[in-house]
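Survey of secondary and tertiary structure
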Amino acid sequence: MSAEARVPSQEEAAPIDVFGHPHSPWVQAVLLGLHDRRVPHALRTAPTLAILWRFGNSMPLARFDGSPWMPESAAILERAGLGAVTPEAARAAMDAWRGVFHRADHIGRFFGGFSRTGDPHRRWAVCTWRNFWRSFGALYFFLRLRSVIWALGYRDPDDFGEQFLFWENALVDQGTAYFGGEAPDTADFLLFGVIQCHASIPVAPLHALREDARLEQLRSWIGRMHERFEDYPFLYSGPWFEPRRPAPETAAIGGRIAYWTGLACMVLAAPITVPLAFAFMHRVNREFRQKRSTVP
């Protein structure tokens, strides 16, 4: 089955619209949860003007039955009928994201990775337009990742495996197949979304997940998630863990041309696009600090 067949297009009467890009761990969490529960949803990878005005380039966002857009992956999943995540698990999922900043170490690999995942809309004109504009999202995230290293003095942990020990120990203590019990729930989708992020443009934490002898139960959990999500269209971890699954389908050539054309335009318009990206970044950083301050 193709990626288009698995992800409803925007023209279909899907009760949930999702904005975001599968390279984001938190967008992945929402898509994983909706896919697992077989909830019809429509994915768009480029923002509308209304989204940009209200939320900047923040993602994921979701809109239920035409209601206003709402942010936050955990809140979206809870609204969709999944269980709430504990503050401890939410913080552990955010901590497991460390190392992702190195996705931007290689410019070609970063922007090439974004080019290979296109918009799923079935109408050629809409799909082409979105692929053109999602290049701004790629530029935004590249600048955001680099700014964390340049301006905020990010440093790698001594051991990337340690950031996953919370999850390894939770599986051992619970003795269940998933963090949600006998079926995955929000905590599973948050962590698995982070793993998809690490695998989509491979970074050092992926090596720790594959090789660290302390993470045997976590690798078994990844295997169970692979079996459960074998028909999921954005399974970037598929080629990296057992049982192996195919890599996500590459975007059509027309979509990739639109994306690269858009990226060239974004670079040429750098006096406008770069300050705009940093303005959105400032807003997101402020909201992120507020969010972290509310997590015990």
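Residues numbered from 1 in each chain as written. Predicted model: local features only at pLDDT ≥ 70, side-chain atom pairs only at ≥ 80, totals over all residues. Heavy atoms only, no water.

**Some words on the nonpolar core**
This is how the line gets drawn: Buried Ala, Val, Leu, Ile, Met, Phe, Trp, Tyr and Cys residues that are joined via side-chain atoms within 4.5 Å together make up what is termed a nonpolar core. Whether a residue is buried, partly exposed or exposed follows from its accessible area with a 1.4 Å probe, protein chains only, as a fraction of its type maximum: under 20%, in between, or over 50%, in that order. Strands are runs of DSSP state E lasting at least 2 residues, helices are runs of H or I lasting at least 4, and numbering of each runs from the N terminus. Contacts are assigned to residue pairs with any non-hydrogen atoms lying within 4.5 Å of each other.
Residues Trp167, Phe179, Leu191, Phe192, Leu218 and Trp221 are the most contacted members of the largest nonpolar core, which totals 56 residues. If one sorts the elements of this core by residue count, helix 9 (residues 186-200) sits on top with eight residues. Setting aside residues no more than four positions away along its own chain, phenylalanine 192 makes contact with Leu32, Trp221, Ile222, Met225, His226, Phe229, Leu235 and Ser237. In terms of nonpolar packing, the next biggest core, distinct from the first, is built from 23 residues, Phe110, Phe114, Val148 and Ala277 among them.

**A short note on the side chain of asparagine 131**
Basically, it comes down to this: Whenever two N or O atoms come within 3.5 Å, that pair is a polar contact, provided that in protein one can donate a hydrogen and the other can accept it, and provided that, for residues adjacent in sequence, both atoms are side-chain atoms.
With respect to the secondary-structure elements, asparagine 131 resides in helix 7 (residues 124-152). Polar side-chain contacts of asparagine 131 include one of 2.6 Å to the side chain of arginine 134.

**What about the pattern of salt bridges?**
Using the following cut-off: Whenever Lys or Arg places a side-chain nitrogen within 4 Å of a carboxyl oxygen from Asp or Glu, that contact is recorded as a salt bridge.
What the rule picks out here adds up to eleven salt bridges. Among the ionic pairs, arginine 214 bridges to aspartate 159, the shortest N-O distance being 2.5 Å. A residue pair is termed long-range when its members are at least 10 positions apart, and arginine 214 in the loop between helix 10 (204-211) and helix 11 (216-228) and aspartate 159 in the loop between helix 7 and helix 8 (165-174) qualify at 55 residues. What you see here is one network of salt bridges that share partners, running through Asp36, Arg37, Asp185 and Arg228.

**Observations regarding the pairing of strand 3 (residues 61-64)**
The cut-off we apply is this: When DSSP finds at least two bridges between two strands, those strands are taken to pair.
Two strands pair when backbone bridges link them, and strand 1 (residues 16-19) and strand 3 are joined in this way by four bridges, in the antiparallel orientation. Residue pairing in the sheet places isoleucine 16 in a bridge with phenylalanine 64 of strand 3.

**Thoughts on the packing of aromatic side chains**
Aromatic rings in a pair are described by how distant their centres are and how their planes are angled relative to each other. The cut-off we apply is this: A pair of Phe, Tyr and Trp rings is counted when the ring centres sit within 6.5 Å of each other, with Trp represented by its six-membered ring. The angle between the planes then sorts it: under 30 degrees is stacked, over 60 is edge-to-face, the rest tilted. Whether a charge lies above a ring is judged from NZ of Lys or CZ of Arg, which has to be within 6 Å of the ring centre and within 35 degrees of the ring normal.
Within this structure, the stated rule accounts for 20 aromatic pairs. Seen in terms of ring centroids, phenylalanine 192 and tryptophan 221 are 5.6 Å apart; in terms of plane orientation they differ by 85°. Their pairing is edge-to-face. Of this pair, phenylalanine 192 sits in helix 9 while tryptophan 221 sits in helix 11, and the two are 29 residues apart along the sequence. Tryptophan 221 sits in the buried class, given a relative accessible area of 0%. Members of the aromatic cluster, each reached through a chain of ring pairs, are Phe166, Trp167, Phe179, Phe189, Phe192, Trp221, Phe229, Tyr232 and Phe234. One cation-aromatic arrangement involves arginine 228 over tyrosine 178; the distance from NZ or CZ to the ring centre is 5.7 Å.

The values are spatial; any link to function lies outside them.
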